[in-house]
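Report on the structure
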Amino acid sequence: MKVKDRRLIIYLLIPIFGLMAFSSFKKDYFEVSKQLDIFASLFKELNIYYVDDIQPDELIHEAINSMLETLDPYTTYMTEEESEDFKVHTSGEYAGIGASIRNIDNEVVIVQTYEGFAAHKSGLRAGDVIIGIDNNNMENKDSDEVSSLLKGSIGSETLIKVKRSNAEFPLSVKLKREKIIIKAVPFFGMVNKDVGYIVLNSFSNKANLEVSSAYDKLKKQGMKYLILDFRGNPGGLLSQAVSVSNLFLPKNTFVVETKGRIKDWNKKYHTRQKAKDLEIPIVILTNYGTASASEIVAGAFQDLDRAVIMGDRTYGKGLVQQPRSLTYGTQLKITIAKYYIPSGRSIQARDYFDRNEDGSVRVIPDSLKVTYKTNSGRIVYDGGGIEPDVNIDIDDLTKFSENLISEGILFNYSVKYCNSTEGPVDLNTFELSESDYNNFKNYVSASEVVFESELEIKLEELVLLAKEEDIYQELEYAISDLELMIEKENNNLFVRNDAQIKRLLSLSIVNNDHFERGRYLYNINRDKVISKASLLLQNQNEYNSILSNNTN
């Protein structure tokens, strides 16, 4: 089928489905029925008379996705398989072998095994390339296809064949699938004798229980102050956001309100139980990856002056989704409401419902943001995520570092390093030596990956623009000079990124040897944001002055 014909059908579908999305079914029943009848007739004619065979499922799937793209990125159609993956995300549970995989250099590689689960117990490890599952060849397969075969019913057996870099022949391992629990709290521990630290990665359905359990254990170790780490937490269940808040807020405290088109979805959520601790000083760590449910908790604690928010501005997702079951096991995850935290503000940063004339999404400018006040009278703003009380400049990943990660080079070298050393590295003493780091730089130089810097990308755009405007000849010498300067700068990529790359490589090596928990243990006293949070908590005069109105 020609691309232009496919697009024509998509354009025909968009207003039909768009009508369904934005109108009341009861009110516009005739119009909806009419448009659906037109569409059914159109599709029937296509299916019978179009010159080439069409794939109805592909065409409909593309039409649905194109329609939903005109709404917001969180309203999505899920196939039966995708619906199962969504259940895993919200429940944190599935049946499998307990390993994370990804495609690297056209191979499906185990990048992490989960400590204590089947893959780990059977001897599989990071860096193993999966080449067979139950006598099925897995070479040149996509990671999604391999992942679906690794999953199955609890107790069922599977035979996995892998190749290992330091092994002469492939290895075959038989193991039993088991219930895999992805913890919402992957780590908790003491920063020092007084400061406890809890990482919350998601708001899955046991988040409040895991945070509560971690708190109890840290309290027994003498915890007087608490750091809650929400960095990179994409959110999850709204109910869990309220339940986690309830651990540290009084009973009947208003946490969040949702407002939608359907009156039944207009609700105010209050804490229902007696709090676990109303007195412990708390710092919540945030960054750009902190979104949705995690922003509800961070925003509520800020509005109620219950915690100091530290780090970087959050993502700004103030929309609520609900899964709606469709036929044949499919689902529609649909935005049903906006949420508002105790001060009355929405933290939604992008306006998907009133776009620019060209269809692009509007980012709410600072000039249009409305001021609100916390309980103590501190000024806060809507429309741009949660602005921390204490901003800390975060070392964002450079383009070079991102390339080292996305191309698998950093991971591959860390596996090579671990395979070449006797025993795991010591978490207390391990530091990457200059010799090891030089070996890594040589490894990168020998790779066939071409690294394109941001400057090179921008220069290419400039050249194209100059040619389009027919002024390239006038700028040719200047562009040549820029190319030479950029080449010189590229030769200094490692010099300018040394600290960041060393940190990333060290964490990757530690993760391979000591799993996820080991990485957190290694990093807990090396992370500057955790260190600053710890210092603030132990200086209660400064902590209290931030939460009061004295700083305004």
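Residues numbered from 1 in each chain as written. Predicted model: local features only at pLDDT ≥ 70, side-chain atom pairs only at ≥ 80, totals over all residues. Heavy atoms only, no water.

The next point concerns the pattern of salt bridges. Opposite charge on two side chains allows them to pair when their charged atoms are near. Taken as a whole and judged by the stated rule, the model has 17 salt bridges. Here E145 ties to K141 by a salt bridge, and the two come within 3.8 Å at their closest N and O atoms. Using a relative accessible area of 38% as the deciding quantity, one classes E145 as partly exposed. Accessibility expressed as a relative area gives 29% for K141, which makes it partly exposed. Across the salt bridge formed by R345 and D303, the nearest N and O atoms sit 2.8 Å from each other. Linking R345 in the loop between β18 (331-340) and β19 (350-351) with D303 in helix α9 (residues 293-303), this pair joins segments that are 42 residues apart in sequence. Of the two residues, R345 and D303, both sit in the buried class. One continuous salt-bridge network, built from bridges that share partners, spans K193, D194 and K224. (Salt bridge = Lys/Arg side-chain N within 4 Å of Asp/Glu carboxyl O. Buried < 20%, exposed > 50% of the residue type's maximum accessible area, 1.4 Å probe, protein only. Helix = DSSP H or I, 4+ residues; strand = E, 2+ residues; numbered from the N terminus.)

The subject of this paragraph is the side chain of R164. Relative to the helices and strands, R164 is located in the loop between β7 (157-163) and β8 (171-176). In this structure the side chain of R164 is engaged in a polar contact, spanning 3.1 Å, whose partner is the backbone oxygen of G123. (Polar contact = N/O pair within 3.5 Å; in protein donor to acceptor, adjacent residues only side chain to side chain.)

This paragraph deals with the confidence of the model for the protein. Averaged over every residue, the pLDDT of the protein is 87; the share at 70 or more is 92%. Considering only residues more than four positions removed or in separate chains, one finds that residues 8-12, a stretch of pLDDT under 50, has six contacts. Predicted confidence is poor over residues 14-25, with pLDDT under 50, and the contacts of this stretch with residues over four places away or in other chains come to 21 contacts. (pLDDT = per-residue confidence, 0-100. Contact = heavy atoms within 4.5 Å.)

Bringing helix α12 (residues 434-446) into the picture now. Under the 1.5 Å per step criterion, the end-to-end length of α12 is 18 Å for 13 residues, consistent within 8% with the ideal 18 Å. Those residues of α12 that sit buried are D436, Y437, F440 and V444. End-on, the buried residues of α12 take up no more than an arc of 100°, which puts them together on one face. Along α12, exposed side chains directed more than 90 degrees from the buried face belong to S445 and A446. Taken together, the buried residues of α12 touch α10 (399-406), α11 (409-420) and α15 (493-523). (Expected span 1.5 Å × (residues − 1). Arc of directions from axis to C-beta.)

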